[in-house]
Amino acid sequence: MKLADGLFLESCREIAAKYPSIEYNEIIVDNCCMQLVSRPEQFDVMVTPNLYGNLVANTAAGLVGGTGVMPGGNVGQDHAIFEQGASAGNVGNDNLVEQQKANPVALLLSSAMMLRHLQFPSFADRLETAVKRVIADGKYRTKDLGGTSTTQEVTDAVIANLD
């Protein structure tokens with residue numbers, strides 16, 4: 001890990017030097033997670049290797065309601081993929097899928113991120129607004145958010161709230 005971390009940091013420092021107007025800082029991942037919990041407002045953008053990114057993403061998910069509500073996107077120069085933003089408990093969990101207990105919110109919000117990336121901001125706004133309304137209303141929530149609704153019931157509620 002020391003070799004890989006060293007190469008990653010070397011690359012970050014090299015790129016950061018090309019953009020002196022952008023503040024660049026380094027932080028050890030365990031302290032980063034602690035700072036994310038205690039003072040999240042200090043962070044704007046984080047660049048991490050995959051493993052550390054997973055640790056940070058899971059910490060962030062815990063702050064916002066769990067992995068079922070955290071969208072994510074990986075955007076490169078030529079390609080992008082959008083998915084749940086943390087190691088979600090319903091990914092690869094056949095029981096949650098079969099029992100219709102998986103929270104669809106993270107995937108719906110990731111879809112909104114994808115729509116925005118594809119230059120369809122009005123569709124992204126409509127989807128995000130519908131998801132927020134359903135969560136705020138509280139009538140349709142999966143178990144991880146304190147409710148008893150199924151995946152399909154939450155999805156149907158979001159669809160019904162699209163304007």
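Just so it is clear, the structure is predicted and the values come from calculations on it, not from any experiment.

Across its full length, the protein chain holds seven helices and two strands. Beginning at the N terminus, the succession of helices and strands in the protein chain can be written as α-α-α-β-β-α-α-α-α. Dimensions of the protein chain along its principal axes, counting C-alpha atoms only, are 50 × 35 × 30 Å. Per-residue burial for the protein chain yields a buried fraction of 29% across its 163 residues. The long-range fraction of contacts in the protein chain, counting pairs at least 24 apart against all pairs at least 6 apart in sequence, stands at 47%. For the protein chain, the exposed area adds up to about 10900 Å²; of that, 57% sits on carbon and sulfur atoms. Averaging the coordinates of the 12 positive side-chain charges in the protein chain and doing the same for the 19 negative ones gives two points 5 Å apart.

Regions of empty space are outlined by a rolling probe, equal in size to a water molecule, passed over the atoms. Here the largest pocket defines a volume of roughly 1100 Å³. Its residues placed into classes, the lining of the largest pocket shows 19 nonpolar, four polar and four charged.

What follows covers empty space enclosed by the protein. With the rule as written, the count across this model stands at one cavity of 30 Å³ or more. Here the largest cavity defines a volume of roughly 30 Å³.

Turning to helix H3 (residues 50-64), a few remarks are in order. Helix length check: H3, at 15 residues, gives a terminal C-alpha distance of 21 Å against a target of 21 Å (1.5 Å per residue), a fit within 8%. Taken together, the buried positions of H3 are Tyr52, Gly53, Val56, Ala57, Ala60 and Ala61.

This brings us to the domain arrangement of the protein chain. Taken domain by domain, the protein chain comprises domain 1 (1-64) and domain 2 (69-162). Using C-alpha coordinates to define each centre, domain 1 is positioned 25 Å away from domain 2. Contact with domain 1, which involves five residues of that partner, is made by five residues of domain 2. Between domain 1 and domain 2 we count zero salt bridges in total. Across the side of domain 1 that touches domain 2, the residue classes tally to four nonpolar, one polar and no charged.

With that settled, consider the packing of helix H2 (residues 29-38) against H3. Two numbers describe how H2 lies on H3: the axes approach to 10 Å, and their chain directions differ by 20°. Taken together, H2 and H3 sit at an angle that is classed as roughly parallel. As for how H2 packs across H3, the hand of that crossing is right-handed. Residue-level contacts link Val29, Cys32, Cys33, Leu36 and Val37 of H2 to Tyr52, Leu55, Val56, Thr59, Ala60 and Leu63 of H3. Along the lines of polarity and charge, the residues of the contact of H2 with H3 split into 10 nonpolar, one polar and no charged.

Calculation notes
Residues numbered from 1 in each chain as written. Predicted model: local features only at pLDDT ≥ 70, side-chain atom pairs only at ≥ 80, totals over all residues. Heavy atoms only, no water. Helix = DSSP H or I, 4+ residues; strand = E, 2+ residues; numbered from the N terminus. Buried < 20%, exposed > 50% of the residue type's maximum accessible area, 1.4 Å probe, protein only. Contact = heavy atoms within 4.5 Å. Areas by Shrake-Rupley, 256 points an atom, 1.4 Å probe, with all protein chains shown as cover. Lys, Arg positive; Asp, Glu negative; His and termini not counted. Charge placed at Lys NZ, Arg CZ, Asp CG, Glu CD. 1 Å grid on protein atoms, 1.4 Å probe; cavity = no way out; pocket = protein on both sides within 12 Å on 5 of 7 lines; lining within 4 Å. Points joined across faces, edges and corners; volume = space filled by probe spheres on them. Nonpolar A, V, L, I, M, F, W, Y, C, P; charged D, E, K, R; others polar. Expected span 1.5 Å × (residues − 1). Domains from an automatic or database assignment. Salt bridge = Lys/Arg side-chain N within 4 Å of Asp/Glu carboxyl O. Axes fitted to C-alpha atoms, helices over the stretch in contact; angles between N-to-C directions. Parallel < 35°, antiparallel > 145°, perpendicular 65-115°, else oblique. Left-handed = near helix turned anticlockwise from the far one by under 90°.

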